[in-house]
Amino acid sequence: MVVSGQVAVVTGANRGIGLEVSRQLAERNVHVVLTSRDKTKGQQALNHLLDRSLSVSLFQLDVTNSDAATRLCGHLVKTFGRVDILVNNAAIYLDEGDKLLDIPLETLRNSFDANFFGAYSLCKTLIPVMKKNGYGRVVNVSSGYGAMDAMNARTGAYKLSKLALNGLTQILASELKGTNIKVNAVDPGWVRTEMGGPSATRSPQEAARGIVWAATIDDSGPTGKFFRDTKIISW
Ligand code: NAP
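Cut-offs and rules
Residues numbered from 1 in each chain as written. Predicted model: local features only at pLDDT ≥ 70, side-chain atom pairs only at ≥ 80, totals over all residues. Heavy atoms only, no water. Pairing = 2+ DSSP bridges. Helix = DSSP H or I, 4+ residues; strand = E, 2+ residues; numbered from the N terminus. Axes fitted to C-alpha atoms, helices over the stretch in contact; angles between N-to-C directions. Parallel < 35°, antiparallel > 145°, perpendicular 65-115°, else oblique. Left-handed = near helix turned anticlockwise from the far one by under 90°. Contact = heavy atoms within 4.5 Å. Nonpolar A, V, L, I, M, F, W, Y, C, P; charged D, E, K, R; others polar. Core = buried A, V, L, I, M, F, W, Y, C linked by side-chain atoms within 4.5 Å. Buried < 20%, exposed > 50% of the residue type's maximum accessible area, 1.4 Å probe, protein only.

Caption draft 1: Representation of the sheet that holds strand 1 (residues 7-10) within the structure. The strand order 3-2-1-4-5-6-7-8 describes an open sheet built from 8 strands, whose pairing is mixed. Each edge of the open sheet carries a strand with a single partner, namely strand 3 (56-60) and strand 8 (231-232). Looking at chain direction, strand 1 and strand 4 (residues 85-88) are connected through 3 bridges and run parallel. Across the sheet, the residue bridging to Val10 is Val87, located in strand 4.

Given below as structure tokens:
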């Protein structure tokens with residue numbers, strides 16, 4: 001497939017913030033590869049954006065499957081010869097309000113598998129392609145719950161998985177200094193999605209803007225930072 005501009009990958013793009021990030025990126029003439037662990041849901045999201053004449057395609061990807069991440073990388077190199085933007089958006093929120101010692105160990109492991117190792121394995125697979133092309137923007141969609149000052153009682157599995165994601169952001173940004181690859185984390189705020197629920201204060205459109213901003217920052221922009229609405233926030 002010949003695309004004239006940049007190519008982005010968005011995980012968990014079939015609904016919520018991921019779908020809206022995909023739409024906003026595609027509106028900026030970026031070809032967006034929507035990834036979804038469920039093919040049917042992914043196809044519905046894809047159709048929604050194709051109806052708006054946007055340049056988008058679909059790849060089935062469960063972020064906990066590192067072989068699938070390798071297959072995605074092969075697909076991107078073969079089809080486009082590049083990947084410019086990676087938005088690690090997919091996540092699960094399994095332990096709302098629970099105490100850490102009361103949850104099954106599996107809940108903690110599953111949270112880390114999706115929210116931390118999923119992002120790590122995509123970085124590990126796709127950043128080498130970015131390095132070859134001398135350009136890359138990685139956005140880890142984090143949460144205020146991943147900040148150090150949120151490390152208080154309850155929802156520990158989710159909080160710790162996002163804390164680790166924040167650490168990954170800083171380590172990779174530091175290891176990639178001197179390249180044109182920028183790695184930042186963004187807290188979207190409390191958003192009306194399946195995860196955030198109907199009482200949340202922000203729309204997916206508002207939340208996606210800050211993520212798209214970080215995904216498209218110019219060469220002189222920041223790396224290794226944590227943002228909400230384009231403003232730096234504390235780790
Ligand atoms: P959402 O509506 O629950 O959507 C989550 C997405 O992640 C879905 O597409 C889901 O796919 C996908 N996903 C989950 N596990 C996956 C896996 N193993 N492989 C691939 N995809 C997977 O959540 P959202 O509110 O849009 O959240 C997006 C991001 O924002 C997350 O990183 C979340 O932690 C962060 N965030 C959200 C809020 C909020 O208030 N909503 C606040 C702070 C941070 P399925 O449809 O197949 O389940």
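Let's pick the thread back up.
Caption draft 2: The packing of helix 4 (residues 105-133) against helix 5 (residues 156-175), seen in detail. Where helix 4 contacts helix 5, the axes come no closer than 8 Å and their chain directions differ by 20°. One element, helix 4, and the other, helix 5, form an angle in the roughly parallel class. The crossing of helix 4 and helix 5 is right-handed. Taking contact as the criterion, the partners of Thr107, Leu108, Ser111, Phe112, Asn115, Phe116, Ala119, Tyr120, Cys123 and Ile127 in helix 4 are, on helix 5, Ala157, Tyr158, Leu160, Ser161, Lys162, Ala164, Leu165, Leu168 and Leu172. Class assignment for the residues of the contact of helix 4 with helix 5 results in 14 nonpolar, 4 polar and 1 charged.

Caption draft 3: Structural view of the nonpolar core. Among the nonpolar cores identified, the biggest contains 31 residues, and Leu72, Leu76 and Leu126 are the most heavily contacted of them. At the level of elements, strand 1, helix 3 (66-79), helix 4, helix 5 and strand 6 (181-186) are the ones that each hand at least two residues to this core. Per-element accounting of this core gives the leading share, 8 residues, to helix 4. In this structure, Ala13, Val32, Leu34 and Val212 belong to the second largest nonpolar core, which totals 29 residues.

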